[in-house]
Number of protein chains: 2
Amino acid sequence: MKRVTIYDVAREANVSLATVSRVINGSNVVKAPTRERVENAVEKLGYKPNAIAQGLALQKTTTIGLVVPEASFTYTGQIINGLIDVAKIYNYNIMLHTITEGITDLNSVVEDIIKSHVDGVVIFDDKLRANDMATLNRYNIPVVVIGNKIEAKDVCSVYVNIEKAIYELVMKYLEEGKDKIAILEDRKNPQQYQYILKGAKKAYESKGKEFKGQLNLPTGTRTSYGFLKDWLKTHRYDLMVGYRDSQAMAIINAARENDISVPEEMEVVCVLDTKYNTIMRPQVSSFSIPSYDLGAVSMRMMTKMLQKDENEDREDSIELSYLFTSRQSTKE
Amino acid sequence: MKRVTIYDVAREANVSLATVSRVINGSNVVKAPTRERVENAVEKLGYKPNAIAQGLALQKTTTIGLVVPEASFTYTGQIINGLIDVAKIYNYNIMLHTITEGITDLNSVVEDIIKSHVDGVVIFDDKLRANDMATLNRYNIPVVVIGNKIEAKDVCSVYVNIEKAIYELVMKYLEEGKDKIAILEDRKNPQQYQYILKGAKKAYESKGKEFKGQLNLPTGTRTSYGFLKDWLKTHRYDLMVGYRDSQAMAIINAARENDISVPEEMEVVCVLDTKYNTIMRPQVSSFSIPSYDLGAVSMRMMTKMLQKDENEDREDSIELSYLFTSRQSTKE
DNA sequence: CTGAAAGCGCTAACAA
DNA sequence: TTGTTAGCGCTTTCAG
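Per chain, residues are indexed from 1 in the order of the written sequence. All chains are assigned letters beginning with A, and all ligands numbers beginning with 1, in the order in which they are written. Local features are withheld for residues below a pLDDT of 70 in this predicted model, meaning they are given only at 70 or higher, and side-chain atom pairs are given and counted only at 80 or more; totals for whole chains, interfaces and linings count all residues. To get the side-chain values, all heavy atoms of the structure are used, and hydrogens and water are removed first.

## Some points on the UniProt feature "domain: HTH lacI-type" (unreviewed entry) in chain A
Okay, so step 1: UniProt positions are given in the numbering used here, feature names are shortened, and annotations may be inferred rather than shown by experiment. Under the feature "domain: HTH lacI-type" (unreviewed entry), the UniProt entry names residues 4-58 of chain A.
Okay, so step 2: For helices the rule is a DSSP run of H or I covering at least 4 residues; for strands it is a run of E covering at least 2, with both sets numbered from the N terminus onward. Across residues 4-58 of chain A, helical content stands at 69% and strand content at 0%; the span's end C-alpha atoms are separated by 20 Å.

Here's what the structure looks like:
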């Protein structure tokens, strides 16, 4: 069964296909009676314009590519939701790509993206570096990067200043004289981990001290919990910081195992949390990174890039703000 | 800057575009030297075939639509991962759509899907009913449904038999004489809740009893936890069943609040769990629904539908198996 | 206000 | 083995 085309509608309505095209694109030069004839035909035949053909003719597909890491973290879902919701408003479709270790790398994804002629691409991948964008750039596809601040032509970024967040947090503890602070590595988010580290180091520096609390997981370690269970037998801290709430919970579970009470003897904070944080006991104090907004703002930014007048300038990075929420894993 | 087309390559290599087309599509009728000239030209110009134009010419886009619910549940992420991984193997791209209450409904998504001329669509939406598929059917787009068993032409489904799982579970308890069993409503997954209920009812029936343990949240209740905290003041059970691990934790937290110890005084089981279940204390005994596999198998099924010979028969639904894993929230 | 025709980039007969 | 040409479904000048 062949799909009904613009020709079928034209024949049915006794007009040329040009007129049908005008009607479905809302041109206002078409006379009312003609328009009605066309609309009836469209309705009668159940005609839906073929986006592929439109894409060819217009040289734009009104779809944008979205790249996310394999890991189905909860916040990745949030980002996708935010992005799709605003994409919907602007009538963009989303082509989803993932980077799965052992199955897909960024190069092969970029290849697919170029072929598919999306109008732009939003990338959320902590492992992304500036030079990975070279190919995309060569085919001048507009790019929005989530999470990393990346400087390049035709590339915008939307992120949260985690370095600053941690700096402020650590400063507060240092000023209270609590300087035994540890930061747990997150292998899945190496870049974010670096930001966190940098924030902590700056804080220590400004107090004339040196930060030594970075806890890199030894190679071979499978889970943070497995590592921490032993580590905490011989180490004590005032504060431990994890990136995700699940890591914070690993810390807390390991602490419990060693009879370290949280928050009384040790406080725990994480950066990103999920709805599971409302279920956990204790609930973890955290910076509430607005994942949904990261997605939504990125897409909004993308639409702006796509309709920019060449001459018009626009900001090429947006810093979203965070909010620290104190819960049961810290003292106040 | 115009993108390089097949014409450019043809000119550069001094052949016709037909030959270029043959080379990029791996036809083996092209002579080696010619092939090389073309390949060099492709390389030199950085030519990538335009999938849109191919789509128009071939009447197939090698992309499939994926519809998921708004809720960024962890298992939705799993499903997406599974689906994309096998899509990648078969060189399919994924167009992602979400059903967001207040933003998008199934109808508008279906509209987009039809226009985009995807080769098929995979739908994971607990609220989906058979008649929702009417439009998709009218434009005869192959459909795979995840989670629900739906009977319709050109529709396949991949699911887990939760009814049976619960039946077996409840039977086991009934045989041990534990018949105070409650099942917590999951508003986000009404269909799954029904399946669970059915399983429990059957078990009770087969014992000549009537099941009365269905716990529907009163309208106005915002969280299961809020409801259960009070409810458990006046109700005692041998076993409580929640759909997701987060609900099971709500049950456990509410039980704690009422000094009901788990699993000693009350046991708790959930159907779907996430990685957070490994972090929680107690860990919840659960059926491990293979979310990743649900996605992967669906996509595999889709590829089969798309290459089916009209005459060749195939099964139109696949039941995936589950595995009950006993953890700290049950006695053995 | 409407129609005719060229073109978007590619594929697939059909010829040569 | 390679080239020519007619579509695929739609948009958009340019005439009328």
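Resuming the write-up.
## Regarding the relation of the copies chain B and chain A
Okay, so step 1: Between chain B and chain A, the superposition needs a rotation of 180° and an axial shift of 0.0 Å, giving an RMSD of 0.1 Å. The superposition of one copy onto the other is thereby described by a two-fold rotation axis. When C-alpha distances to the rotation axis are compared across chain B, the minimum falls at Met95(B), with a value of 2.2 Å.
Okay, so step 2: Both copies contact each other with a shared surface, as 100% of the interface residues of chain B are interface residues in chain A too. Alignment of the copies relies on least squares applied to C-alpha atoms, considering only residues that score at least 70 for pLDDT in both. It only takes one pair of heavy atoms within 4.5 Å for two residues to be counted as in contact.

## Quick look at the protein's contact with DNA strand D
Okay, so step 1: In this text, near means that some heavy atom of the residue lies within 4 Å of the molecule or strand in question. DNA strand D sits among 28 residues. The nearest are Ile6(A), Ser21(A), Tyr47(A), Arg22(B) and Thr34(B).
Okay, so step 2: For DNA strand D, the backbone makes up 67% of the atoms found within 4 Å of the protein, where backbone means sugar plus phosphate.
Okay, so step 3: Between DNA strand D and Asn25(A), the relevant distance is 3.0 Å, taken from a phosphate oxygen to a side-chain nitrogen or oxygen of the residue.
Okay, so step 4: For the surface near DNA strand D, the secondary structure elements donating two or more residues are helix H1 (6-13), helix H2 (17-24) and helix H4 (51-58) of chain A together with helix H2 (17-24) and helix H4 (51-58) of chain B.
Okay, so step 5: For the surface near DNA strand D, the element with the most residues is H4(A), which contributes 5 residues.
Okay, so step 6: When residues are grouped by polarity, Ala, Val, Leu, Ile, Met, Phe, Trp, Tyr, Cys and Pro land in nonpolar, Asp, Glu, Lys and Arg in charged, and all others, Gly among them, in polar. Taken together, the residues that form the surface near DNA strand D break down as 16 nonpolar, 9 polar and 3 charged. In protein, a polar contact requires one atom able to donate a hydrogen and another able to accept it; more generally it is a pair of N or O atoms within 3.5 Å, and residues adjacent in sequence count only if both atoms are side-chain atoms.

## Some remarks on empty space enclosed by the protein
Okay, so step 1: Lining residues are those with an atom within 4 Å of a point, where the points come from a 1 Å grid over the protein atoms alone and group into cavities, where a 1.4 Å probe fits but cannot get out, or pockets, open sets with protein on both sides within 12 Å along at least five of seven lines. Grid points are joined across faces, edges and corners, and a volume is the space filled by probe spheres set on the points. Inspection of every chain in the model, using the stated rule, returns 5 cavities of 30 Å³ or more.
Okay, so step 2: Roughly 210 Å³ of volume is contained in the largest cavity.
Okay, so step 3: If you go around the largest cavity, you meet 26 residues; those closest to its centre are Gly77(A), Ile80(A), Thr76(B), Gly77(B) and Ile80(B).
Okay, so step 4: Secondary-structure elements contributing two or more residues to the lining of the largest cavity are strand S1 (63-69), helix H5 (74-89) and strand S2 (93-99) of chain A together with strand S1 (63-69), helix H5 (74-89) and strand S2 (93-99) of chain B.
Okay, so step 5: Classifying every residue of the lining of the largest cavity gives 12 nonpolar, 12 polar and 2 charged.
Okay, so step 6: When its volume is computed, the second largest cavity comes out at roughly 150 Å³.
Okay, so step 7: As for the second largest cavity, its lining consists of 15 residues, and the residues nearest its centre are Gly147(A), Gln192(A), Tyr243(A), Ile289(A) and Leu294(A).
Okay, so step 8: Going through the elements one at a time, H5, strand S5 (155-160) and helix H12 (291-306) of chain A are the ones with two or more residues in the lining of the second largest cavity.
Okay, so step 9: When its residues are assigned to classes, the lining of the second largest cavity shows 10 nonpolar, 4 polar and 1 charged.
Okay, so step 10: Start and end points for every domain follow an automatic or database-based domain assignment. Both domain 2 (61-160 + 291-320) and domain 3 (162-288) of chain A contribute no fewer than three residues apiece to the lining of the second largest cavity.

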